[in-house]
Amino acid sequence: MDFQFNEEHLMIQKAARDFAQNECLPGVIERDEKQQFPKEQILKLADLGFMGMMVSPDYGGAGMDTISYVLAMEEISKVDASVSVCMSVNNSLVCWGLEAYGNEEQKQQYLTHLARGKKDGELHIGAFLLSEPEAGSDATSQRTTAEDKGDYYLLNGTKNWITNGSSASVYLVIAQTDVAKGSHGINAFIVEKSWPGVTVAGKENKMGIRGSDTHSILFNDVKVPKSNRIGEDGFGFKFAMKTLAGGRIGIASQALGIASGAYELSVKYAKERKAFGKEIMQHQAIQFKLADMATRIEAARLLCLKAAYEKDQHVDYTLSGSMAKVFASEAAMWVATEAVQVHGGYGFVKEYHVERMMRDAKITQIYEGTSEVQRIVISRSILK
Ligand code: CAA
């Protein structure tokens, strides 16, 4: 077993770290407060090749491995989790889904631009539309319908909590085509935001990751060409599950980054702040908190890297991805909460960043499969 990163991994980690410090840190508090989408940052990430990191260069991607993706996600999430969720959705849910299951025509028409994150010099990213007002964890209960009309499908329904909802140009939409067939009557479609009948509804006012744009998307008699269905008829639910399995590595890495960022700030603060005549790092109460933070972060990192390694080796990573997601997101919530405690009163004000990290951490336990859903996936896998 080799725990060393290669030269390329270290280079990507450094590039992501520099990007986070130079491009994400300035203005991160204001973007959070104003709920401002980090468009400038995403365009620069696109220039770095980080919006389609794992996509083959044949389709406009950077051709990197999943380990590199974990490293980049961690570094960017240390500073701005609103930037990293946008990056994660485009990389894991949109580009990966299209590269793995799209046909050649779909890849040429859509993936080549999405992987670059730009089209004609403008921002060009995607979103993944599975969740609905009444179908979140229970993803087979899709109410959005796509009625087969011969050479097109007629799409109707509402999707909720869609990351990149207004900034995306292309949506991967999961919809019911035959209710009687249950999960086998679900399909996935490529839908362009500009098509008639597509409406981006109100922006959510969120607790955390406030810079990312989360919307409901409404479909009213949207004509989707047959050629925009992904895979064989009835493949949509499996498409969603397989795509989410990789997405969970991205969110686990995001959680890892939030935890690492909160921990690093806590160590710095503990070395500077004095109480009872000495730096607070000299008090065992703080030392033990830092020791527990570091241990949980290391365990989360190893789980993320194991899942990434398995994905790169083309072995089934569903179990390791879910383990990484549930552990890293719970670690992030715990570490960020402890980071606020280490900072005392300063932790409760915005300038010290850890209160934002605590708010940002929460969603990692919910989106791309709640902690409870991850435990369903894990227990089914170990008990089968
Ligand atoms: N790979 C391949 N096939 C899979 C699969 C996987 N990982 N998981 C399930 N399937 C298949 C099953 O084998 C089954 O197929 P057969 O009928 O042929 O055997 C079919 O799919 C149905 O599976 P289940 O019976 O297991 O389905 P279920 O109703 O019990 O649900 C679940 C299982 C794990 C709870 C699933 O519904 C789930 O993952 N829910 C959570 C959804 C989710 O993560 N939502 C997040 C929204 S996206 C988001 O947050 C994006 C964003 O913007 C940030």
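Residues numbered from 1 in each chain as written. Predicted model: local features only at pLDDT ≥ 70, side-chain atom pairs only at ≥ 80, totals over all residues. Heavy atoms only, no water.

A. A look at a nonpolar patch on the surface. On the surface, a cluster of nonpolar side chains totalling about 420 Å² of accessible area is made up of Met1, Phe3 and Leu302. When you line up the elements, Met1 lands in the segment before α1 (7-24). (Patch = residues over 30% accessible without salt bridge, like charges linked within 9 Å, V, L, I, M, F, W, Y side chains within 5 Å. Areas by Shrake-Rupley, 256 points an atom, 1.4 Å probe, with all protein chains shown as cover. Salt bridge = Lys/Arg side-chain N within 4 Å of Asp/Glu carboxyl O. Helix = DSSP H or I, 4+ residues; strand = E, 2+ residues; numbered from the N terminus.)

B. Seen up close, the packing of helix α7 (residues 236-272) against helix α10 (residues 354-364). Running from amino to carboxyl end, α7 crosses α10 at an angle of 160°, the nearest separation of the two axes being 10 Å. In terms of axis orientation, α7 runs roughly antiparallel to α10. In this structure, the crossing between α7 and α10 has a hand that is left-handed. Contacts between α7 and α10 involve Ile251, Gln254, Ala255, Ile258, Gly261, Ala262 and Leu265 from the first element and Val354, Met357, Asp360, Ala361 and Thr364 from the second. Its residues assigned to classes, the contact of α7 with α10 comprises 8 nonpolar, 3 polar and 1 charged. (Axes fitted to C-alpha atoms, helices over the stretch in contact; angles between N-to-C directions. Parallel < 35°, antiparallel > 145°, perpendicular 65-115°, else oblique. Left-handed = near helix turned anticlockwise from the far one by under 90°. Contact = heavy atoms within 4.5 Å. Nonpolar A, V, L, I, M, F, W, Y, C, P; charged D, E, K, R; others polar.)

C. Looking closely at the environment of Ser216. Structurally, Ser216 is set in strand β9 (residues 214-225). A C-alpha to C-alpha distance of 17 Å links Ser216 and Ile366, two positions 150 residues apart in sequence. Discounting residues that sit within four places of it in the chain, Ser216 has contacts with Lys159, Asn160, Thr199, Val200, Ala201, Gly202 and Glu204. Within the structure, Ser216 has its side chain in polar contact with the side chain of Asn160 (distance 3.1 Å). (Polar contact = N/O pair within 3.5 Å; in protein donor to acceptor, adjacent residues only side chain to side chain.)

D. Spatial organisation of the domain arrangement of the protein chain. Each domain of the protein chain was delimited in the assignment, giving domain 1 (7-123), domain 2 (126-233) and domain 3 (237-383). Taken together, the contact pairs 16 residues of domain 2 with 15 residues of domain 3. At the boundary of domain 2 with domain 3, total buried surface from both sides reaches about 1,200 Å², with 78% on carbon and sulfur atoms. Considering only the side of domain 2, the residues that lose the most area to domain 3 are Phe128, Met207 and Ile209, jointly responsible for 41% of the buried surface there. Here domain 2 is connected to domain 3 by 2 residue pairs in polar contact (both at pLDDT 80 or more). In terms of residue class, the side of domain 2 that touches domain 3 is made up of 10 nonpolar, 5 polar and 1 charged. (Domains from an automatic or database assignment. Buried area = accessible area lost by both parts, 1.4 Å probe.)

E. Molecular detail of helix α5 (residues 81-101). When the terminal C-alpha atoms of α5 are compared, their 28 Å separation across 21 residues agrees well with the 30 Å that a helix rising 1.5 Å per residue should span. Considering bend angle alone, the principal kink of α5 is centred on Cys95 and spans about 30°. Burial within α5 is extensive, with 19 of its 21 residues counted as buried. Two or three places before Ser82, at the start of α5, stands the capping residue Asp80, its side-chain oxygen 2.9 Å from that residue's backbone nitrogen. (Expected span 1.5 Å × (residues − 1). Bend = angle between axes of the 7 residues up to and from the residue. Buried < 20%, exposed > 50% of the residue type's maximum accessible area, 1.4 Å probe, protein only.)

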